Structure formats: C-alpha cells, structure tokens
Amino acid sequence: EIQKENPPINLKTLDKMIDESKQIVQKNYKRDPYDTENSKGLMKKINSEIIEKYPELHKDQTCYKKSLTYLAIAEENDLPMYGAIIEGTPTQAGHMFVKWDPDSNIVGDFSWDPNSLKFNHDYLTNRILSGTETFFNSRMGDLKNLDQQELFAVAYHQESINLYDKKLYDKAIESIKKSIELNPKNTYSYRILGEYFLDKGKKYRNGEADSTKNNCENNFKESYKYFKIYEDSIGEAYFDINTYISMGEVMFYLKDLENAEKYFTKVIESDKKSMFLEKRLWSPEALLYRSKLYQILGQKERSEKDFIDYLN
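Notes on the structure follow. Since this is a predicted model, take the numbers as computed values, not measurements.

Digging into unusual backbone geometry
Residues other than glycine seldom take positive phi values, yet Arg31 does so here, at roughly 60 degrees. Within the secondary structure layout, Arg31 lies in the loop between α1 (11–28) and α2 (36–49).

Dropping the structure here:
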C-alpha cells in the first residue's frame, strides 16, 4: 500500500521469504522466548539466510523496509517481535528498529537494528545526530512498542522523504499527509510538510514548473501554516533555528517583510549567543536574506552591514 509503484519486496516474494523463515524457525527455535541467546541466534539466521539474499532491501538505508519485513516474518511465525522508533529530536526524523519483547512490557529483551545489523540494549543518550544534536531516549529497549497505526505513520513519513529525493514532490506531500493523518502527534511531520511546500513554491517562483502568482503564494501560505503548527507544538523550550530560517524565507516571498525580519533576526541573535559562535553555523543564510530585505526597504547602511557580516 505504501509503495504502490515498484515495491522492493512484492507480495509473492514476501510469501516466499515467510515460507523460508518457517523452516528456519522449525529447525532453530526452542520455542522459549525467554532464552535470549537462542532468540538472538534465530534472528541472525533469519538475517543471513533470508534478508541478506534480497538485495532489493539493501538499495538504500531506509530502516522501515527491513523492519516491516522482519515484523511480517515474526507475525507468521508467532514470534514476540515489535516495531519501535527512536524519536530523535524535533529536527531529526526517527529511526525504526525491531524489539524482541516476550512480555510486551516496553522493556524488551533485546533490540535489532535492521541497518547496522547489531543487537542493542543500552543505547547511550549522547549518540550524535548531524554533529550537533542527540537522541532524547537513553535505551532502545525502553521505547514503546508501536501499534500498527503508529508503524505505518513512520513508514509513510520515511517513504515521503524517499519520494522527495526522487523529485516526486506531489507524491511526497501525499505520503507525509497520510503519516500525519495516522499519527497527528508526530510534530516533525508538520515541519517536513512545511519544507515541501516551501520548496515547491520556490520551484514555481524560479520557473522550474508552470508558474503563476497563485501557484507561488498558495504553496508559501501552506508552508507557513504547517511550520506554524510545528512551531506552536514545540514551544519555547526548543529553539529550532532551521525552521526559523525557513519561516523567514516564506515571509520574505510573501512580502511580509516585518515578520521575515523578525525570524532572521532571531536566528542571527541566537548565533551570537551560541557556544559555536566561531563556526557561524546558521547566520550566513539569515544575514544574506536580511541584507536583501533591508535593500528592498531602502535601508542601505543596514543592508551593507549584513552583507559584509555575511561575507566575513
């Protein structure tokens, strides 16, 4: 359903994998879910003798494809496996993995990461994302077992990113909206949707698609709507610089220069207070936009100052 066109594993192939798994389970599983070593050995067998045989699952590092394949095998073999997700941060997508949890009590016996192909239990909170941010959760085994609706919400979210990378913009928007419909509490999806509409509006504006004034404005308005939902949901506790730059861009393109200045200034002032000041992580883009903004307003000195700061 999620991958209507060119799915990596079609239903006939999945049935074949499940049939193969039943033979492996019959030969290797003691039917004692609390025998952790035996259970881990079973997972290794399923991985090496089934999953690794299908290169279609390894073309990219999309964790949901492998996770859902493991869960389909588990369902047909009555194995106590569940999907779970590391939520990441408000600005980073989550990561789906599989848990072996015979008690269904959240704390699983062990977890299986379908991408790194490793067993994990203690998952340190200081694991780095994108060099600057950390996961909020400290142990993979302590994360909630996802129900079916939550699983599919994650899958639609991740598939939307794949579709967008392939420049299938409308399908990506459709997919992320489906994710939000299934799990409206995943606030990061609103941010992604805001970015999609911003990029789409810029493409119309730059003549990369059939452009009309309405095409541009409608996409920018939609973008701001979803960014605003995201901004309101994370509150003041988390200052999301990426989103403020994007919201400033939207206001700039909608000619709401007062609000555009407000967002760019927030980014620039935040950078000045940052412990990473010498790296100038975010200011250059905001400074360049604000320089253009001041130029439009006829504030020559302020425009030149921002532009010089941008160059520096």
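Still more to cover.
Things to note about helix α3 (residues 63–77)
Given a rise of 1.5 Å per residue, 15 residues ought to cover 21 Å, and the 21 Å separating the end C-alpha atoms of α3 matches this to within 8%. Within α3, 12 of the 15 residues are buried, which leaves it mostly tucked inside the rest of the structure. Within α3, the full set of buried residues consists of Cys63, Tyr64, Lys65, Lys66, Ser67, Thr69, Tyr70, Leu71, Ala72, Ile73, Ala74 and Asn77. Looking at the buried residues of α3, the elements they touch are α1, α2, β1 (81–86), β2 (95–100), β3 (110–113) and α4 (148–165). Asp78 occupies a position one or two residues after α3 and carries a positive phi of about 55 degrees.

Topic: the side chain of Ser160
Tracing the backbone through its elements, the reader meets Ser160 in helix α4. Within the structure, Ser160 has its side chain in polar contact with the side chain of Tyr196 (distance 3.1 Å). Discounting chain neighbours no more than four positions away, the residues touching Ser160 are Ala172, Ser175, Ile176 and Tyr196.

Re the packing of helix α6 (residues 187–205) against helix α8 (residues 241–253)
Where α6 contacts α8, the two axes come as close as 11 Å, and the packing angle between them is 35 degrees. Relative to α8, α6 is oriented so that their crossing is left-handed. Along its contact with α6, which presents Arg191, Glu195, Leu198, Lys202 and Arg205, the element α8 presents Asn242, Thr243, Ser246, Glu249, Val250 and Tyr253. The residue makeup of the contact of α6 with α8, split by class, is 3 nonpolar, 3 polar and 5 charged.

Rules used throughout
Residues numbered from 1 in each chain as written. Predicted model: local features only at pLDDT ≥ 70, side-chain atom pairs only at ≥ 80, totals over all residues. Heavy atoms only, no water. Helix = DSSP H or I, 4+ residues; strand = E, 2+ residues; numbered from the N terminus. Expected span 1.5 Å × (residues − 1). Buried < 20%, exposed > 50% of the residue type's maximum accessible area, 1.4 Å probe, protein only. Contact = heavy atoms within 4.5 Å. Polar contact = N/O pair within 3.5 Å; in protein donor to acceptor, adjacent residues only side chain to side chain. Axes fitted to C-alpha atoms, helices over the stretch in contact; angles between N-to-C directions. Left-handed = near helix turned anticlockwise from the far one by under 90°. Nonpolar A, V, L, I, M, F, W, Y, C, P; charged D, E, K, R; others polar.

Read these as spatial facts, not as claims about activity.
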